[in-house]
Amino acid sequence: MKDAEWYVNWFNSPYYHLLYNNRSESEAQELIDHLCNLLHLPTKSKVWDMACGKGRHAIALSHKGLDVMGSDLSENSIAEARKQEHEYLHFLVHDMLQPFRDNSFQLVCNLFTSFGYFENESDNYKVFSNAAESLLPAGSFVMDYFNSAKVSSLDSAPYSEIRGDIVFSIEKTIRNNSIVKRIEFTDQGHDYYFEETVNLLELVDFQKYGTAAGLKLKSIFGDYKLEPFDAATSDRLILLFEKP
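Residues numbered from 1 in each chain as written. Predicted model: local features only at pLDDT ≥ 70, side-chain atom pairs only at ≥ 80, totals over all residues. Heavy atoms only, no water.

Explain helix α3 (residues 25-39) to me, and be specific about the residues and the numbers.
An α-helical turn contains 3.6 residues, so any two residues separated by three or four positions project in the same direction. For α3, built from 15 residues, the straight-helix expectation of 21 Å at 1.5 Å per residue is met to within 8% by its first-to-last C-alpha distance of 21 Å. Among the residues making up α3, those that are buried are Ala28, Leu31, Ile32, Leu35, Cys36 and Leu39. End-on view of α3: buried residues confined to an arc of 125 degrees, all on one side of the axis. Counted as exposed and oriented over 90 degrees from the buried face of α3: Ser26 and Asn37. Each element contacted by the buried residues of α3 is listed here: α4 (56-62), β4 (105-110), β5 (135-146) and β11 (236-242). Positive backbone phi, at 50 degrees, marks His40, one or two positions downstream of α3. (Helix = DSSP H or I, 4+ residues; strand = E, 2+ residues; numbered from the N terminus. Expected span 1.5 Å × (residues − 1). Buried < 20%, exposed > 50% of the residue type's maximum accessible area, 1.4 Å probe, protein only. Arc of directions from axis to C-beta. Contact = heavy atoms within 4.5 Å.)

And the structure:
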């Protein structure tokens, strides 16, 4: 039997949630504010936050009066997100490689580089296809990824993150056109090692995934204020696709 992909166990690990316990709520709110101002979605429009983690973007979307479904592969993340559920905000465990509710949503989001983890590029096409199939006609798909050109040029010196009594030693390298983050730490006398691998995908890659899924690329942005994208300076690559 094939071993599970690295993210299956790591994203569900309590250590993953400990290391990344400082995700910015204000950053998420900033992106959602600008997206909603751009898209002008009617109240109670249905939204799918694909790979939502603990739901910070889904929660922000629901505060805009939208009817939001958040999904993630991590059972622990969804258990945490469900503490915020209400009539127009729901969460469930779902693998974005699997189809989900055809022709149901005005907006599908994949935010904060929740993509590019797969060993086989065919899986990237699957995600885009699933997003497209889940959209209503004229619906929008928003993909938020890091700017690979800028990420690959940054200083890759090892560094540490301290969470309570645990010191996470982290080193980033580039291997096989992916950024690889090596994470090592010791807890209660046990040594642990995890490795994150995220593809250095560029605009041309997302264009071909979108085209194959029948989506039209409408806009490209470079940050959470939705300012124009610049490959040399932008922190993010945010793409707005539309289903014809």
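Following the structure, the description resumes.
Can you lay out helix α6 (residues 122-134) for me, pointing to particular residues and giving the numbers?
Its 13 residues give α6 an end-to-end C-alpha distance of 19 Å, which sits within 8% of 18 Å, the value for a rise of 1.5 Å per residue. Listed as buried for α6 are Asp123, Asn124, Val127, Phe128, Asn130, Ala131, Ala132 and Ser134. Against the buried residues of α6 lie β1 (46-50), β4, β5, β9 (190-199), α8 (203-212) and β11.

Explain the nonpolar core to me, and be specific about the residues and the numbers.
Trp10, Phe115, Phe128, Phe141 and Phe206 are the most contacted members of the largest nonpolar core, which has 47 residues in total. The dominant element in this core, judged by the number of residues it contributes, is β5, at five residues. If sequence neighbours within four positions are ignored, Phe128 has contacts with Phe115, Phe141, Met143, Phe206, Tyr209, Gly210, Ala213, Leu215 and Phe241. Counting residues in each nonpolar core, the second largest holds 26 residues, with Leu39, Phe91, Leu226 and Ile238 among its members. (Core = buried A, V, L, I, M, F, W, Y, C linked by side-chain atoms within 4.5 Å.)

Give a detailed account of the sheet that holds β11, specifying residues and quantitative values.
Sheet architecture is open: seven strands sit in the order β3-β2-β1-β4-β5-β11-β10, paired in mixed fashion. Looking at strand neighbours, the two that pair on one side only are β3 (89-93) and β10 (216-221), the edges of this open sheet. Between one strand axis and the next, the sheet turns by 20 degrees as a mean value, whatever way the strands run. With three bridges connecting them, β1 and β4 associate as parallel partners. From the neighbouring strand, Asp49 faces β4, where its bridge partner is Cys109. Of the strands in this sheet, β5, β10 and β11 touch α8, which is tilted by about 20 degrees from β11. (Pairing = 2+ DSSP bridges. Axes fitted to C-alpha atoms, helices over the stretch in contact; angles between N-to-C directions.)

Can you tell me about the pattern of salt bridges, naming the residues and giving the values?
Taken as a whole, this structure holds 13 salt bridges when the rule is applied. Notably, a salt bridge pairs Glu121 with Lys208, separated by 3.0 Å at the nearest N-O pair. Remark: Lys208 occurs in helix α8 and Glu121 occurs in the loop between β4 and α6; sequence separation between them is 87 residues. Assessed through its relative accessible area of 36%, Glu121 is described here as partly exposed. (Salt bridge = Lys/Arg side-chain N within 4 Å of Asp/Glu carboxyl O.)

Please set out unusual backbone geometry residue by residue, giving values where relevant.
The backbone phi angle of His40 is positive, close to 50 degrees, even though this residue is not glycine. As for its placement among the helices and strands, His40 is situated in the loop between α3 and β1. A relative accessible area of 63% places His40 in the exposed class. Despite not being glycine, Gln188 has its phi angle at roughly 50 degrees, a positive value.

Report on the environment of Ser24, specifying residues and quantitative values.
On the secondary structure map, Ser24 appears in the loop between α2 (14-19) and α3. Residues Ser24 and Arg56 lie 32 residues apart in sequence; the distance between their C-alpha atoms is 8.6 Å.

Report on the environment of Leu239, specifying residues and quantitative values.
Considering the arrangement of structural elements, one finds Leu239 in strand β11. Sequence-wise, Leu239 and Phe229 are ten residues apart; in three dimensions their C-alpha atoms are separated by 9.6 Å. Apart from residues lying up to four places away in sequence, Leu239 is in contact with Phe141, Val142, Met143, Leu203, Phe206, Leu217, Ser219 and Ile220.

Please give an account of the environment of Gly55 that cites residues and values.
Residue position: Gly55 is located in the loop between β1 and α4. Owing to a relative accessible area of 0%, Gly55 belongs among the buried residues under this scheme. Ignoring any residue separated from it by four or fewer positions in sequence, one finds Gly55 in contact with Ala81 and Phe91.

I'd like a description of the sheet that holds strand β6 (residues 159-163), backed by residues and values.
Two pairing modes exist for strands in a sheet, parallel and antiparallel, and in both the strands are linked by backbone hydrogen bonds. Read from one edge of the open sheet, four strands run β6-β7-β8-β9, paired in antiparallel fashion. Either end of the sheet is taken by a strand with one partner, and the two such strands are β6 and β9. Between one strand and the next, the sheet's axes are offset by a mean angle of 25 degrees, whatever the strand orientation. Bridge analysis of strand β7 (residues 166-175) against strand β8 (residues 178-187) gives seven bridges, and the strand direction is antiparallel. Paired with Lys172 across the two strands is Lys181, which belongs to β8.

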